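In case you want the letters, here they are:
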Amino acid sequence: MSASWTIPEMAVQAIPDDDRLWVPQAPQVWFRPLLLNTVQGEWVNLLKVTRAGMLSRHRHPAPVHGFVLKGSWRYLEHDWVATEGMYVFEPPGEIHTLVVDDDVPEMITLFHVCGALVYFDEQMRPCGHDDVHTKIELCRRHYARVGLGDDFVRQFIR
Ligand code: FE
């Protein structure tokens, strides 16, 4: 029996039956929150992309772990392609540009992101960020809009 003050565990189907769980992040880009950890400032989500091209250039102040579930993607700055079944470690300090190639109709990758993503524009100027709190806010607004209620996101928050 677990003590009442422990943090509740989580065991969920990662790819949901209900498509409303996918939160729009950009045109044809969605994330499905799994864990929004406000205590350690990190989150775990699935990223789904159904368009080809450049998605974002960003820098990581803290580590990221990725596991490709479907399709493939790559970083302009590296010569490898992340394909289905591959694990990717993105070290702190790394700046890279996420690209999905034309022959990939859909990619889904699980990302465990510590800290934040800092976005950079074409001139390499910082132009925004995401952290667990901006993710929670995106979820809150989306779930309210699609009728699940803005409290729906609470189940993912620890
Ligand atoms: Fe990254």
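None of the values given here were measured: they were computed from a predicted structure.

Quick look at the coordination of the iron ion now. Within the protein, the atoms that donate to the iron ion are His58 (NE2), His60 (NE2), Glu90 (OE) and His96 (NE2), at distances of 2.1 to 2.2 Å. Coordination of the iron ion draws on donor residues from a single chain, spaced H-x1-H-x29-E-x5-H in sequence. Within this pair, whereas His58 is found in strand S4 (residues 53–59), its partner His96 is found in strand S9 (residues 95–100), the two being separated by 38 residues in sequence. Each member of the pair His58 and His96 is classed as buried.

Along the chain, Ser56 turns up in strand S4. Judged by its relative accessible area of 16%, Ser56 falls in the buried class. Contact partners of Ser56, with chain neighbours within four places excluded, come to His96, Thr97, Leu98 and Tyr119.

A separate point is the pairing of S9. A regular strand places its side chains so that they alternate between the two faces of the sheet. Burial analysis of S9 places 5 of its 6 residues in the buried class, which makes it a mostly covered element. Looking at chain direction, S4 and S9 are connected through 6 bridges and run antiparallel. Residue pairing for S9: Arg57 is matched across the bridge by Thr97. Direction of pairing for strand S6 (residues 72–75) relative to S9: antiparallel, over a ladder of 2 bridges. Its bridge partner lying in S9, Tyr75 is registered against Leu98.

On to the state of the cysteines, then. In this structure the tally under the stated criterion is 0 disulfides. In this structure Cys114 is not part of a disulfide, and its nearest cysteine sulfur, from Cys139, lies 17 Å away.

Attention now moves to a nonpolar patch on the surface. A grouping of Ile15, Phe67, Leu69, Tyr87 and Phe89 is seen on the molecular surface, where their side chains present a nonpolar patch of about 470 Å² in accessible area. Along the chain, Leu69 turns up in strand S5 (residues 64–70). Accessibility expressed as a relative area gives 32% for Leu69, which makes it partly exposed.

Attention now goes to the nonpolar core. Within soluble globular proteins, side chains that are nonpolar tend to cluster in buried spots. If you look at the biggest cluster of nonpolar residues, it comprises 28 residues, and the most contacted ones within it are Leu36, Leu47, Trp73, Met107, Phe111, Cys139 and Tyr143. Among the elements of the structure, strand S2 (29–37), strand S3 (42–49), S5, S6, S9, strand S10 (107–114), strand S11 (116–120) and helix H1 (132–145) are those that each provide at least two residues to this core. Core analysis: the next-biggest nonpolar cluster, separate from the first, contains 5 residues, Trp22, Leu34, Val44 and Ile108 among them.

The phi torsion of most residues other than glycine is negative, and most of the peptide bonds are trans. Of note in the backbone geometry, Gln28 takes a positive phi value of approximately 60° without being a glycine. With respect to the secondary-structure elements, Gln28 resides in the loop between strand S1 (23–26) and S2. For Met124, which is not glycine, the phi torsion reads 60° and is therefore positive. Mapped onto the secondary structure, Met124 falls in the loop between S11 and strand S12 (126–131). With relative accessibility at 41%, the residue Met124 sits in the partly exposed group.

Rules used in this analysis
Residues numbered from 1 in each chain as written. Predicted model: local features only at pLDDT ≥ 70, side-chain atom pairs only at ≥ 80, totals over all residues. Heavy atoms only, no water. Donors = N, O, S within 2.8 Å, 3.2 Å for Na, K, Ca; no water. Helix = DSSP H or I, 4+ residues; strand = E, 2+ residues; numbered from the N terminus. Buried < 20%, exposed > 50% of the residue type's maximum accessible area, 1.4 Å probe, protein only. Contact = heavy atoms within 4.5 Å. Pairing = 2+ DSSP bridges. Disulfide = S-S within 2.5 Å. Patch = residues over 30% accessible without salt bridge, like charges linked within 9 Å, V, L, I, M, F, W, Y side chains within 5 Å. Areas by Shrake-Rupley, 256 points an atom, 1.4 Å probe, with all protein chains shown as cover. Salt bridge = Lys/Arg side-chain N within 4 Å of Asp/Glu carboxyl O. Core = buried A, V, L, I, M, F, W, Y, C linked by side-chain atoms within 4.5 Å.

Purely geometric stuff here, so don't read any function into it on its own.
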